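Summary of the model geometry
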Amino acid sequence: MTTQDRLIESTQALLWERGYVGTSPKAIQQRSGVGQGSMYHHFDGKPGLAAAALRRSAEQMRSIAEADLAAPGTAYDRIAAYLHRDREVLRGCRIGRMAQDPDVVADPQLRAPVEETFDWLRGRIAELIAEGQAHGEFAAGLDPADTAAAVVAVVQGGYVLARAADSAVPFEQAVRGALGLLATHRRA
């Protein structure tokens, strides 16, 4: 692994654990085992490194989601696979947690990967719902964009509820509820 990769991976982990303010250059250096000179050789400072870490987290999240959403099966099955995939529920979403960080939201460079990832995810799920409608799987009256937004909100809200309860149960309930609602729009 290159020095740059160690810095990015360490920053990814720290952002997930501590948020932007809690992720100091010193903590990044300690976690990565990289000295200050090397850190500043590769990045112009904490904002640039954090942006690279957020972009990588966003790419990884999209790749993992796409594996479920592009798998064989019906649109419903692929959405269900995405919702049921293994997650570290009590840690929350690497990207979703950044949307709650005021320093990330206030900085366009840091916010961009977060916003782009959620736009992509809503769009990808909307495509699946529209595909399901085209194949007669879902009722025509189901709005793909609205339904996709609700599915993404269930996941992100499920993380929040699980963290608040210190239990994965609320997340699992939210997923079951979302799939139950989506199933009511399926054609037999």
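These remarks concern the structure in this document.

1. Focus on the pattern of salt bridges
- Tallied over the full model, the rule gives 10 salt bridges.
- Here glutamate 131 makes a salt bridge to arginine 78, at a shortest N to O gap of 2.3 Å. You can see glutamate 131 sitting in helix α8 (residues 108-134) and its partner arginine 78 sitting in helix α5 (residues 75-84), a full 53 residues away along the chain.
- The exposure class assigned to glutamate 131 is partly exposed, which follows from its relative accessible area of 31%.
- A relative accessible area of 7% means that arginine 78 is categorised as buried.
- Salt-bridge contacts for glutamate 127 lead to arginine 124; the nearest nitrogen and oxygen are separated by 3.4 Å. Taken together, the positions of glutamate 127 and arginine 124, both in helix α8 and 3 residues apart, correspond to about one turn of that helix.
- In this structure glutamate 127 comes out as partly exposed when scored by relative accessible area, which is 48%.
- Taking the relative accessible area as the measure of exposure, arginine 124 reaches 13% and is therefore buried.
- Overlapping salt bridges, with partners in common, bring together Glu17, Arg31, Glu88 and Arg91 in one network.

2. Remarks on the layout of surface pockets
- Computed from the structure, the largest pocket encloses a volume of approximately 280 Å³.
- Looking at the largest pocket, it is lined by 16 residues, and the ones nearest its centre are Trp16, Ile64, Arg85, Arg94 and Tyr159.
- Looking at the lining of the largest pocket, the elements with two or more residues in it are α4 (46-69) and α9 (144-165).
- Broken down by element, the residue count for the lining of the largest pocket peaks at 4 residues, all from α4.

3. What to know about the packing of helix α1 (residues 3-18) against α4
- Close contact between α1 and α4 brings their axes to 8 Å; oriented N to C, the two are set at 80°. Overall, the two elements α1 and α4 adopt an arrangement that is roughly perpendicular. Residues Asp5, Leu7, Ile8, Glu9, Thr11, Gln12 and Leu15 of α1 form the contact with α4, whose own contacting residues are Leu49, Ala50, Ala52, Ala53, Leu54, Arg56, Ser57 and Gln60.
- Class assignment of the residues belonging to the contact of α1 with α4 gives a composition of 8 nonpolar, 4 polar and 3 charged.

What counts, and at which threshold
Residues numbered from 1 in each chain as written. Predicted model: local features only at pLDDT ≥ 70, side-chain atom pairs only at ≥ 80, totals over all residues. Heavy atoms only, no water. Salt bridge = Lys/Arg side-chain N within 4 Å of Asp/Glu carboxyl O. Helix = DSSP H or I, 4+ residues; strand = E, 2+ residues; numbered from the N terminus. Buried < 20%, exposed > 50% of the residue type's maximum accessible area, 1.4 Å probe, protein only. 1 Å grid on protein atoms, 1.4 Å probe; cavity = no way out; pocket = protein on both sides within 12 Å on 5 of 7 lines; lining within 4 Å. Points joined across faces, edges and corners; volume = space filled by probe spheres on them. Axes fitted to C-alpha atoms, helices over the stretch in contact; angles between N-to-C directions. Parallel < 35°, antiparallel > 145°, perpendicular 65-115°, else oblique. Contact = heavy atoms within 4.5 Å. Nonpolar A, V, L, I, M, F, W, Y, C, P; charged D, E, K, R; others polar.

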